[in-house]
Amino acid sequence: MNRMDQIVAYRCKKCGRIHYPCHDRCLDCKGRDFDRLVAEGDAKLLTYTQIFNLPWGFEVRFLIIGIVEFENKVKAMGQIHAASLEGIHAGMLLKPAWQPVRQVAGEAVYGLVLYP
Amino acid sequence: MRDVAVIGVGIIPFGRRDEDSLLDMLAYSSLKALDDAGLGEKGVDALYVANMGAGILQHQTAIASALADRLSLLPCSADTVENGPASGASAIKNGVLAIASGYYDTVLVAGGEKMREVVGWKATDFVATLTHPQVEYPYGITLPGMAGMLARLYMEKYGLTEEQLIAVSLKNQRMGSLNPYSHVEMMITKEGIHDHRDAIVNNPMAADPLHLYDMCPVSDGAAAVMLCALEKASQFTSNVPVVVAGFGQATDTHTLQERDDPTELKAVTLAAQQAFARAGLTPQDVDVAELHDAFTILEIVESERVGFFKTGEGGKAAERGETALGGKIPINMSGGLKARGHPVGATGVAQVVDIVFQLRHALPEGRQVKNAKVGFTLNFGGFGNNIVSFVLRRAE
Ligand SMILES: [Zn+2]
């Protein structure tokens, strides 16, 4: 099973709600104690888009961006690396990786990359 | 608490205004509102200025202090209000509270943004800075991208169609062509943006499944309203006062991924419910509404969440013409953000200006909702994480 050590979510010790990113108090019960929860397994695609008007720092023609849910219920946004939207559909399983997603001042910024 | 009224309004044509600075635009719209309210040669107690991006786009801060000086409103209190794309309605809300509490009698609220002096990717990037800096922004997500993801979920869950989105686009573009303050004056046809074999050239995909004509333009512009205690309004003007009958504001999670159901837009529902409860009115009492259609999908979802239509029915209602002039609930008779334009800090103020025109019965045939008595606005901040809405009524 893949482990996405870079995607660390926080599970409320009191009520179990999973948070990603972290919050100072639980969104449900306002508890302040959390267990770290590393995103695990394949990522199920919940929704996605392909955008053509890109902000600063991208030298590609378009980006495909989606929100996924990992097997252990952690949800996160990531870039889907695919040539087009062909074959991409909600509910499909994607393989996660931690790779460069953007350049800032010549430096690579790493993030969640998803492969069909 | 005292009743608060809008006694003056001012707006300048939105669009590309290379000749004007941000402060110029704020000053022009403010002077119009002061004159309209009969305060052209008087001071005000307080000034609130809505602006999202001058610090980034113009490298200028403390806009309210600068505007108070230009308008010779000294020594009034002056604050800049930044609440993303809902800055305009937030600034008005603060003015309403200040008067309702009895602290001030007269408050000028101006909202403005100058977005066209930077290149397109900079403007897109500037708005994207409201997304989460660690778990959203680095991926290159934009506000159109967020709207695209919402539209896809809506298509899957409720059977929303491209034709329903186009119905909103055509209506708002048609209304914008009749509005002298509108950024986009061009009429479009369904053939030109959808049916014709070359339509994809005119209307390319922008944020799948949304096309170019599902998006609002990037605009310069400003608008202003003069607020006053209702009991004192007649001291200044014979304009029919428009009473701020209620406002509502609600927040939601910063990221889309942390909402149990991102199609719910809970903060929209809550803000509208609060505004109606405070006003003692219901969605069925509303004669005309200005909703935040930065993307066509938003007008549809908002029209459901605020209570005009049942969930999943907004798109069909738009396609049947129920949101057009003469329909069940006319929405965005100004052209909305889609056609009037979306200079972010100005938008929430411009929405109230347009409803005031409607409730004064001041618009020409073709835009005026006959005998409109109650109006509604919804200003959508973040991607649905900070919503401000107003119920306005014509004072009898
Ligand atoms: Zn909890």
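Residues numbered from 1 in each chain as written. Chains lettered and ligands numbered in written order. Predicted model: local features only at pLDDT ≥ 70, side-chain atom pairs only at ≥ 80, totals over all residues. Heavy atoms only, no water.

Draft legend 1. Spatial organisation of the overall build of chain B. A count of helical and extended segments in chain B gives 14 helices and 11 strands. Expected size for 396 residues packed as a compact globule is a radius of gyration near 21 Å; at 19 Å, chain B falls within 12% of this value. For chain B, the spread of C-alpha atoms along the three principal axes comes to 60 × 45 × 40 Å. Each of the 396 residues in chain B was classed as buried or not, and the buried ones make up 65%. Here chain B displays about 13,600 Å² of accessible surface, and carbon together with sulfur accounts for 50% of that area. (Helix = DSSP H or I, 4+ residues; strand = E, 2+ residues; numbered from the N terminus. Rg over C-alpha atoms; globule rule 2.2 N^0.38 Å. Buried < 20%, exposed > 50% of the residue type's maximum accessible area, 1.4 Å probe, protein only. Areas by Shrake-Rupley, 256 points an atom, 1.4 Å probe, with all protein chains shown as cover.)

Draft legend 2. The arrangement of the overall build of chain A in detail. Across its full length, chain A carries zero helices and eight strands. Its helices and strands in sequence order give chain A the pattern β-β-β-β-β-β-β-β, from N to C terminus. For chain A, the spread of C-alpha atoms along the three principal axes comes to 45 × 35 × 25 Å. Residues classed as buried in chain A amount to 47% of the 116 residues present. Contacts spanning at least 24 positions in sequence make up 48% of the contacts within chain A whose residues lie at least 6 apart. (Contact = heavy atoms within 4.5 Å.)

Draft legend 3. Layout of the interface of chain B and chain A. Contacts between chain B and chain A engage 29 residues on the former and 36 residues on the latter. Carbon and sulfur atoms make up 60% of the surface buried where chain B meets chain A, a total of about 2,600 Å² over both sides. Three residues stand out in chain B for area buried against chain A, namely Y139, Q257 and E258 of chain B, and they jointly supply 30% of the buried area on that side. Our count for the contact surface shared by chain B and chain A stands at one salt bridge. For R102 of chain A, the salt bridge is made with D125 of chain B, and the minimal N-O distance between the two is 3.4 Å. Breaking the side of chain B that touches chain A down by element, the ones donating at least two residues are α5 (120-128), α6 (143-158) and β5 (205-207) of chain B. (Buried area = accessible area lost by both parts, 1.4 Å probe. Salt bridge = Lys/Arg side-chain N within 4 Å of Asp/Glu carboxyl O.)

Draft legend 4. Geometry of the coordination of the zinc ion. Residues and elements named next belong to chain A. The coordination sphere of the zinc ion contains the protein donors C12 (SG), C15 (SG), C26 (SG) and C29 (SG), at a distance range of 2.3 to 2.4 Å. Considering all four donor atoms around the zinc ion, the spread of angles at the metal, 98 to 119 degrees, places the coordination shape in the tetrahedral class. Donor residues binding the zinc ion come from one chain and are separated in sequence as C-x2-C-x10-C-x2-C. (Donors = N, O, S within 2.8 Å, 3.2 Å for Na, K, Ca; no water. Tetrahedral: all angles 85-135°; square planar, octahedral: opposite > 155°, others 65-115°.)

Draft legend 5. Examining the environment of V4 of chain B more closely. All names here are of chain B. For V4, the location among the structural elements is in strand β1 (residues 4-11). We classify V4 as buried; its relative accessible area is 2%. Here V4 is in contact with V96, I99, A100, L227, C228, L230, V242, V243 and V244, once residues within four sequence places are set aside.

Draft legend 6. Examining the packing of α6 of chain B against helix α11 (residues 296-305) of chain B more closely. Residues and elements named next belong to chain B. The interhelical angle for the contact between α6 and α11, taken along N-to-C directions, is 60 degrees, at an axis separation of 10 Å. As the angle between them shows, α6 and α11 are arranged oblique. Taken as a pair, α6 and α11 cross one another with a handedness that is left-handed. Here α6 contributes A147, L150, A151 and Y154 to the contact with α11, which in turn contributes I297, L298, V301, E304 and R305. Per-class residue counts for the contact of α6 with α11 are seven nonpolar, no polar and two charged. (Axes fitted to C-alpha atoms, helices over the stretch in contact; angles between N-to-C directions. Parallel < 35°, antiparallel > 145°, perpendicular 65-115°, else oblique. Left-handed = near helix turned anticlockwise from the far one by under 90°. Nonpolar A, V, L, I, M, F, W, Y, C, P; charged D, E, K, R; others polar.)

Draft legend 7. Structural detail: the sheet that holds strand β2 (residues 46-50) of chain B. Residue and element names in this part refer to chain B. Reading across from one edge, β3-β2-β4-β7-β1-β8-β11-β10-β9 is the order of the nine strands in this open sheet, with mixed pairing throughout. This sheet does not close on itself; its edge strands, each paired only once, are β3 (77-81) and β9 (288-290). For this sheet, the mean inter-axis angle between neighbouring strands, taken without regard to orientation, is 25 degrees. Most of the contacts of helix α10 (residues 266-279) go to strand β8 (residues 242-251), to which it runs at about 150 degrees, and overall it touches β8, β10 (374-381) and β11 (386-394). (Pairing = 2+ DSSP bridges.)

Draft legend 8. Region of the structure containing the nonpolar core. Grouped together as the largest cluster of nonpolar side chains are 93 residues, with contacts concentrated most on F70 and L112 of chain A together with F295, I297, F308, F376 and F383 of chain B. One finds Y48, V81, V109 and L359 of chain B within the second-largest nonpolar core, a separate group that totals 43 residues. (Core = buried A, V, L, I, M, F, W, Y, C linked by side-chain atoms within 4.5 Å.)

Draft legend 9. Inspection of the side chain of R305 of chain B at higher detail. Residue and element names in this part refer to chain B. Inspection of the secondary structure assignment puts R305 in helix α11. For R305, a relative accessible area of 9% corresponds to the buried category. At 2.7 Å, the side chain of R305 and the backbone oxygen of E264 are in polar contact. When residues no more than four places from it in sequence are discounted, the contact partners of R305 are Y154, T263, E264, L265, V268, T269 and T311. (Polar contact = N/O pair within 3.5 Å; in protein donor to acceptor, adjacent residues only side chain to side chain.)

Draft legend 10. Structural detail: the packing of aromatic side chains. This model, assessed by the stated rule, comprises eight aromatic pairs over all chains. Where Y103 of chain B meets Y104 of chain B, the ring centres are 5.5 Å apart and the plane angle is 80 degrees; that geometry is what we call edge-to-face. Judged by centre distance (5.1 Å) and plane angle (5 degrees), the ring pair of F276 of chain B and F376 of chain B falls under stacked. Taken together, the positions of F276 of chain B in helix α10 and F376 of chain B in strand β10 put the pair 100 residues apart, joining distant regions of the chain. For F276 of chain B, a relative accessible area of 5% translates into the label buried. Here F376 of chain B falls in the buried class, since its relative accessible area comes to 0%. Taken together, the aromatic side chains of F276, F308 and F376 of chain B make up a single cluster linked through ring pairs. Between the NZ or CZ atom of R152 of chain B and the centre of the ring of Y48 of chain A, over which it lies, the distance is 3.8 Å. (Phe/Tyr/Trp six-rings, centres within 6.5 Å; stacked < 30°, edge-to-face > 60°. Lys NZ or Arg CZ within 6 Å of the ring centre and 35° of its normal.)

Draft legend 11. Fine view of the layout of surface pockets. Residues and elements named next belong to chain B. Reported here for the largest pocket is a volume of approximately 710 Å³. Forming the walls of the largest pocket are 34 residues, and the residues nearest its centre are P144, M215, C216, P217 and V218. A class-by-class count of the residues in the lining of the largest pocket yields 25 nonpolar, eight polar and one charged. (1 Å grid on protein atoms, 1.4 Å probe; cavity = no way out; pocket = protein on both sides within 12 Å on 5 of 7 lines; lining within 4 Å. Points joined across faces, edges and corners; volume = space filled by probe spheres on them.)

Nothing here speaks to function; it is all geometry.
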